[in-house]
Amino acid sequence: MAYCTKPLKIITQNCRGLNIPERRTHLLREMKKKHVSIALLQETHFKEGTHPRLRNRHYPNNCFCNHPTSYKTGVAILLAADLEFTELDRVQDSQGRYLFLKGVIAEKIYTLASIYVPNKRQAPFLRNTLHQLEDFTDGILIVGGDFNAPLDPTLDSSTALHNRYSRIDYLFVAQEGLSHLLGADITPATWSDHGSVEMELDSPLYKPKGWTWKLNKALLLDLDTKEQLRQALEQYF
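Residues numbered from 1 in each chain as written. Predicted model: local features only at pLDDT ≥ 70, side-chain atom pairs only at ≥ 80, totals over all residues. Heavy atoms only, no water.

> I'd like a description of the pairing of strand β7 (residues 108-116), backed by residues and values.
Taken across its nine residues, β7 has seven buried, putting it largely inside the fold. Note: strand β6 (residues 98-105) against β7, eight bridges, orientation antiparallel. What sits directly across from I105, in β7, is K108. Counting the residues in the hairpin turn of β6 and β7 gives two residues, including A106, whose phi is positive at 50 degrees. (Buried < 20%, exposed > 50% of the residue type's maximum accessible area, 1.4 Å probe, protein only. Helix = DSSP H or I, 4+ residues; strand = E, 2+ residues; numbered from the N terminus. Pairing = 2+ DSSP bridges.)

What follows is the structure in structure tokens.
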């Protein structure tokens with residue numbers, strides 16, 4: 001099967017709630033504008049069994065991990081329509097804190113993970129979660145999440161500095177034993193209080209789309225056109 005090379009655009013986004021329809025519209029519109037292939041979302045604030053529709057024709061494929069009883073936490077992974085992804089396995093947290101998704105893209109195995117770390121006891125949670133992810137991972141690993149961890153704890157406080165230093169989101173890729181923390185492309189916050197973290201991977205992930213000719217069936221109802229077709233076919237054969 002032939003594939004063509006096209007950048008795989010990945011974002012991670014803390015949504016701070018998607019129960020309001022306008023926020024879902026802003027998210028999907030922004031993803032389409034940026035040509036996002038994979039979106040790793042945190043803080044969707046959906047409750048299990050009652051989450052609203054979060055899809056359109058550009059992003060028809062999505063996976064959710066929600067809190068069982070409350071409108072809090074929640075993570076999701078959204079996949080673009082032109083990205084052929086065959087799911088192999090998934091693991092999700094009972095409290096809506098992480099979602100691991102394993103599948104095949106262009107005959108390569110990818111493991112996608114969206115993680116939302118609590119704002120207390122981050123280290124034990126991360127240690128346990130990453131151990132589970134290590135056992136689950138196959139192929140190329142892509143991790144996005146809100147780790148709720150300040151770069152400098154001495155600067156983090158309940159003052160305005162908290163917003164500046166502690167809201168750090170991460171996007172992480174590992175392949176064949178080599179890993180890279182990619183967090184340089186942080187966009188300004190628009191509809192959410194977090195800006196998205198974005199990156200691109202060069203990978204042969206898409207089938208090339210060639211131009212195809214289709215007959216306008218309405219022409220068959222036109223008597224003159226039908227006569228011209230009949231004469232052309234007779235002359236040809």
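> Go over the packing of aromatic side chains, please, and point to the residues and values.
A complete count under the given rule lists five aromatic pairs for this structure. Measuring from centroid to centroid gives 6.0 Å for F100 and F136, while their planes differ by 35 degrees, and the two rings are tilted. With a gap of 36 residues between them, F100 in strand β6 and F136 in helix α2 (residues 122-136) connect regions that are remote in the sequence. Neither F100 nor F136 differs from the other in exposure class; each is buried. One cation-aromatic arrangement involves K102 over F136; the distance from NZ or CZ to the ring centre is 4.4 Å. (Phe/Tyr/Trp six-rings, centres within 6.5 Å; stacked < 30°, edge-to-face > 60°. Lys NZ or Arg CZ within 6 Å of the ring centre and 35° of its normal.)

> Lay out unusual backbone geometry in plain terms, naming residues and giving numbers.
Despite not being glycine, T73 shows a phi value in the positive range, around 50 degrees. Of note, T73 is situated in the loop between β3 (61-65) and β4 (75-79). For R121, which is not glycine, the phi torsion reads 55 degrees and is therefore positive. Residue R121 is classed as exposed on the basis of its relative accessible area, which comes to 63%.

> Let's hear about the side chain of K102: which residues, and what values?
Structurally, K102 can be placed in strand β6. At 2.8 Å, the side chain of K102 forms a polar contact with the backbone oxygen of F136. Setting aside residues up to four positions removed in sequence, K102 forms contacts with F85, T86, E87, L88, D89, I109, Y110, T111, F136 and D138. (Polar contact = N/O pair within 3.5 Å; in protein donor to acceptor, adjacent residues only side chain to side chain. Contact = heavy atoms within 4.5 Å.)

> I'd like to hear about the environment of V91, residue by residue, with values.
Mapping V91 onto the fold places it in strand β5 (residues 85-92). Sequence spacing of V91 and C65 is 26 residues, and the spatial spacing of their C-alpha atoms is 9.2 Å.

> Give a description of a nonpolar patch on the surface that names residues and reports values.
On the surface, W213, L215, L219, L220 and L229 cluster together to form a nonpolar patch covering roughly 510 Å² of accessible area. Residue classification places W213 among the exposed positions, given a relative accessible area of 61%. (Patch = residues over 30% accessible without salt bridge, like charges linked within 9 Å, V, L, I, M, F, W, Y side chains within 5 Å. Areas by Shrake-Rupley, 256 points an atom, 1.4 Å probe, with all protein chains shown as cover. Salt bridge = Lys/Arg side-chain N within 4 Å of Asp/Glu carboxyl O.)

> Give me the lowdown on the pattern of salt bridges, citing residues and values where you can.
Side chains bearing opposite charge may pair, as long as their charged atoms lie close to each other. In total, this model carries seven salt bridges according to the counting rule given. Of the charged contacts in the structure, one is a salt bridge between E227 and R230, with a shortest N-O distance of 2.4 Å. Of this pair, E227 and R230 both sit in helix α4 (residues 223-236), three residues apart, which is roughly one turn of the helix. Classification of R230 as partly exposed rests on a relative accessible area of 37%. Between E234 and R230 there is a salt bridge, and its shortest N-O distance comes to 2.6 Å. In this pair, E234 and R230 are both assigned in helix α4, four residues apart and thus about one turn of the helix distant. Note on E234: relative accessible area 54%, which makes it exposed. Residues participating in the shared-partner salt-bridge network are K9, E30, K34 and E198.

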